[in-house]
Amino acid sequence: MSNIALAYHERTKHYPWRYAKSLGYLDWDTQPNPYRFWEGAPKIPLPLLEDPAHPPLALYDYSLVKTQPFVLETISKFLELALGLSAVKSTGVSTWAVRMNPSSGNLHPTECYLIIPELGGLSGVFHYNPYLHALEKIRELPQPLAVKIKEHFSTEGFIAILTSIPWRESWKYGERALRYCLLDTGHAVGSVRFSANLQGWKVKWLNALGDEDLETLLGFDKVFFPEGEQEYPELALFVFPKETEDVPRDLPRPLVEEFKKLPVYGKPNQLSPERVIWEIIYRTWEEIKKPPTPPVKFVYGNPPLVNFVEPTLKSAEEIIRRRRSGHIYDPSVYIEKELFLQILNRTLPRDRYSPFDVEISPTYISLVLFVHRVRGLPRGLYTYIRNPKHLELFKEHFKKNFLWEPIEDNLYLLLEGDTTELAGYLSCMQDIASDSAFAVAMVAEFEPVIKNAPWEYKNIHWEAGLIGQVLYLEATAYGIKGTGIGCFFDDLTHEVLGLAKIERAAMTNLLEPLIEIDRNLQVVYHFTVGGAYEDPRIKTFEPYQHLKKGL
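Here's what I pulled together on the structure shown here. (Residues numbered from 1 in each chain as written. Predicted model: local features only at pLDDT ≥ 70, side-chain atom pairs only at ≥ 80, totals over all residues. Heavy atoms only, no water.)

## Overview of the overall build of the chain
Moving on, step 1. Along the backbone of the chain there are 16 helices and 23 strands.
Moving on, step 2. Taking 2.2 N^0.38 as the reference for a compact globule, 551 residues should give roughly 24 Å; the C-alpha atoms of the chain span a radius of gyration of 23 Å, in line with that estimate.
Moving on, step 3. In terms of overall dimensions, the chain has a C-alpha envelope of 65 × 55 × 50 Å along the principal axes.
Moving on, step 4. Burial statistics for the chain: of 551 residues in total, 62% are counted as buried.
Moving on, step 5. Positive and negative side-chain charges of the chain, numbering 60 and 71 respectively, have mean locations separated by a distance of 2 Å. (Helix = DSSP H or I, 4+ residues; strand = E, 2+ residues; numbered from the N terminus. Rg over C-alpha atoms; globule rule 2.2 N^0.38 Å. Buried < 20%, exposed > 50% of the residue type's maximum accessible area, 1.4 Å probe, protein only. Lys, Arg positive; Asp, Glu negative; His and termini not counted. Charge placed at Lys NZ, Arg CZ, Asp CG, Glu CD.)

## What about the environment of Gln68?
Moving on, step 1. Position of Gln68 among the secondary structure elements: in the loop between strand S2 (43-45) and helix H2 (72-83).
Moving on, step 2. Judged by its relative accessible area of 29%, Gln68 is partly exposed.
Moving on, step 3. Measuring from C-alpha to C-alpha, the distance between Gln68 and Thr383 comes to 40 Å, with 315 residues separating the pair along the chain.
Moving on, step 4. Other than its neighbours up to four places away in sequence, Gln68 contacts Thr74, Gln199 and Trp201.
Moving on, step 5. In terms of polar contacts, Gln68 uses its side chain to reach the backbone carbonyl oxygen of Lys66, at 3.3 Å. (Contact = heavy atoms within 4.5 Å. Polar contact = N/O pair within 3.5 Å; in protein donor to acceptor, adjacent residues only side chain to side chain.)

## Focus: the sheet that holds strand S23 (residues 539-541)
Moving on, step 1. Sheet architecture is open: 3 strands sit in the order S4-S3-S23, paired in antiparallel fashion. Of all strands in the sheet, those bounded by a partner on one side alone are strand S4 (95-99) and S23. The average undirected angle you get between the axes of adjacent strands in this sheet is 30°.
Moving on, step 2. As defined by bridge partners, strand S3 (residues 85-90) adjoins S4 across 5 bridges and the pair is classed as antiparallel. Bridge pairing links Leu85 to Arg99 in S4. (Pairing = 2+ DSSP bridges. Axes fitted to C-alpha atoms, helices over the stretch in contact; angles between N-to-C directions.)

## Some words on the pattern of salt bridges
Here the idea is simple: oppositely charged side chains can pair when their charged atoms come close.
Moving on, step 1. Inspection of the entire model under this criterion finds 37 salt bridges.
Moving on, step 2. Of the charged contacts in the structure, one is a salt bridge between Arg253 and Asp213, with a shortest N-O distance of 2.6 Å. Of this pair, Arg253 sits in helix H7 (residues 253-258) while Asp213 is found in helix H6 (residues 211-218), placing the two residues 40 residues apart along the sequence.
Moving on, step 3. By relative accessible area, Asp213 is classed as buried at 6%.
Moving on, step 4. Here the residues in one salt-bridge network are Lys204, Asp246, Arg249, Lys297 and Glu359, joined through shared partners. (Salt bridge = Lys/Arg side-chain N within 4 Å of Asp/Glu carboxyl O.)

## Some remarks on helix H15 (residues 490-497)
One turn of the α-helix equals 3.6 residues, which is why residues spaced by three or four share an orientation.
Moving on, step 1. Most of H15 sits inside the fold, with 7 of its 8 residues counted as buried.
Moving on, step 2. Of the positions making up H15, those classed as buried are Asp490, Asp491, Leu492, Thr493, His494, Val496 and Leu497.
Moving on, step 3. Phi for Gly498, located one or two positions after H15, is positive at around 95°.

## Points about the environment of Gly121
Moving on, step 1. Mapped onto the fold, Gly121 is located in the loop between strand S5 (110-119) and strand S6 (122-129).
Moving on, step 2. Gly121 sits in the exposed class, given a relative accessible area of 81%.

## Considering the packing of helix H4 (residues 166-173) against helix H8 (residues 279-287)
Moving on, step 1. Between H4 and H8, whose axes approach to 11 Å, the crossing angle comes to 145°. H4 and H8 meet at a crossing whose hand is right-handed. Contact with H4, carried on its side by Pro166, Trp167 and Ser170, involves Ile281, Tyr282 and Trp285 of H8 and no other residues of that element.
Moving on, step 2. Among the residues forming the contact of H4 with H8, the class breakdown is 5 nonpolar, 1 polar and no charged. (Left-handed = near helix turned anticlockwise from the far one by under 90°. Nonpolar A, V, L, I, M, F, W, Y, C, P; charged D, E, K, R; others polar.)

## What to know about the side chain of His390
Moving on, step 1. Following the sequence through the fold, His390 ends up in helix H11 (residues 390-397).
Moving on, step 2. One polar contact links His390 to Glu445, side chain to side chain, over a distance of 2.7 Å.
Moving on, step 3. His390 has contacts with Thr363, Tyr364, Ile365, Ser366, Ile385 and Glu445, leaving out every residue within four places of it along the chain.

## Some details on unusual backbone geometry
It is generally the case that most residues other than glycine have a negative phi and that most peptide bonds are trans.
Moving on, step 1. A cis geometry characterises the amide bond from Ser354 onward to Pro355, with omega recorded as 0°.
Moving on, step 2. Following the sequence through the fold, Pro355 ends up in the loop between helix H10 (337-346) and strand S13 (365-371).
Moving on, step 3. For Trp404, which is not a glycine, the phi torsion comes out positive at approximately 55°.
Moving on, step 4. Within the secondary structure, Trp404 sits in the loop between H11 and strand S16 (405-408).

## Regarding the pairing of strand S8 (residues 158-164)
Moving on, step 1. Counting buried residues in S8 gives 7 out of 7 residues, a clear majority hidden from the surface.
Moving on, step 2. Both S5 and S8 contribute to a ladder of 6 bridges, which runs antiparallel. Among the inter-strand pairings, Thr110 is bridged to a residue of S8, identified as Ser164.
Moving on, step 3. Where S8 lies against strand S10 (residues 232-241), 7 bridges are found, and the strand directions are antiparallel. Note on S10: the bridge partner recorded for Ile159 is Phe238.

## Section: the packing of helix H5 (residues 177-197) against helix H14 (residues 456-477)
Helix packing geometry: the angle between the two helix axes and the distance between the axes.
Moving on, step 1. Relative orientation of the contacting elements H5 and H14 amounts to 55°, with a least axis distance of 7 Å. If you check the angle between H5 and H14, you find them oblique. As for the relative orientation of H5 and H14, their crossing is right-handed in sense. Side by side, H5 and H14 meet where Leu178, Arg179, Leu182, Leu183, Thr185, Gly186, His187, Val189, Gly190, Ser191 and Phe194 of the first sit next to Tyr457, Lys458, His461, Trp462, Ala464, Gly465, Leu466, Gly468, Gln469, Val470, Tyr472 and Leu473 of the second.
Moving on, step 2. Looking at the contact of H5 with H14 residue by residue, the class counts come to 12 nonpolar, 9 polar and 2 charged. (Parallel < 35°, antiparallel > 145°, perpendicular 65-115°, else oblique.)

Quick look at the structure:
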């Protein structure tokens, strides 16, 4: 298989008889630091301010929010609600922080940098440190360059660049970790977009820039990272006032070149005393680096944003702060059909509503749903079509005996029956997928997308993570929980849908079965939503007590 993105995806699939390669245990002596510190870089502490109380719908509809100026206080609140600490958890024996943006295993490979061109007394290239809730200044931004950036976008605003440190994920998950880094980036994009909405700001992906351009902007071409602790830029986002109709999706080449002259302050901290080098991750990452490309704009339309059910939580900020992953689900909890449909409706891309207006993909993904406990709907296997062209595409590639019975807008019943055990089994035999109200498999256009553009492997996973962030916040708003599931049996899920044929006869001879795979479509992420138990052994505390105590 010549395409390394396709080869990586095949190599890192899970099966009941063979999981993707990892150590198989947790080496606590090499556990990476979950926080990046730029040692020696000047630090600007950010104020921890009271939340305003915007209505929950303001997460999506920026017309409900007054536009805030770009000053230290608003940038601080934006960063806190996007990527800051949301709580501290403790069992009495161990203590850990959780963040506004979710992460596989709470390992947090995602970092964020801001390029601020003279806004509110700030100018430079900064790293956001969520532990300190501070900006670490790693580069100056000369005044003439700052002016050119503002002139290019014809509006005030700043650039946010998200990066990934694969070692944080591969320490636990081994070779499959690259997938989880990309999914986490998608969640972070959603977290950034929702937080920006609450300031009255829009966000757009600067899709013309290549990954090496991002390295130049950050100065990573001048920075030494210990072997195995490489940090990879993933995408740049431009944040700007909602009154500005649109912005360019690029940064002119001469401006990028000017960053090559700028020095870098400080150095990144070492995360672990030793590391395991999963070569396939780094080799794949190098091969899927995005080159510079012509700027593109995606148009989705504006399907209605339905509001059948009033949220349990009454402010958007509280929803963001209280988002947690469910760990043990309560099979006695049902949800109403209206809530189910509303949650799905929120996952549709729209031009004038957050979060998909960030435009990180042309909509590669639609959903397969294992409906367990939704009043008013029979149990069964469903699909929710997020892109109109997927209806015929899925019909062509899915099993020919599926019903395709229309239920509501975009929702089709494929097969009626109890899928609780099946959903749990396909999600690496995890009860969270069977004890919930419903479970999700995200099905993406795949080989035709990445065959000639392998870097789009990232976009597919970003979109999946972004959908996951919507599901998290919607579940939280209604007093239930969501959980992203990165561990699933890829081709067994495909077999259920008709995208794979597995020859099990070989298994009786202790040989791996022969698998015929339809790679036009592939499942890239699982998710589950429902009522969850709270663990009484775990206590929750307010975040940032270490700053208030001066620790």
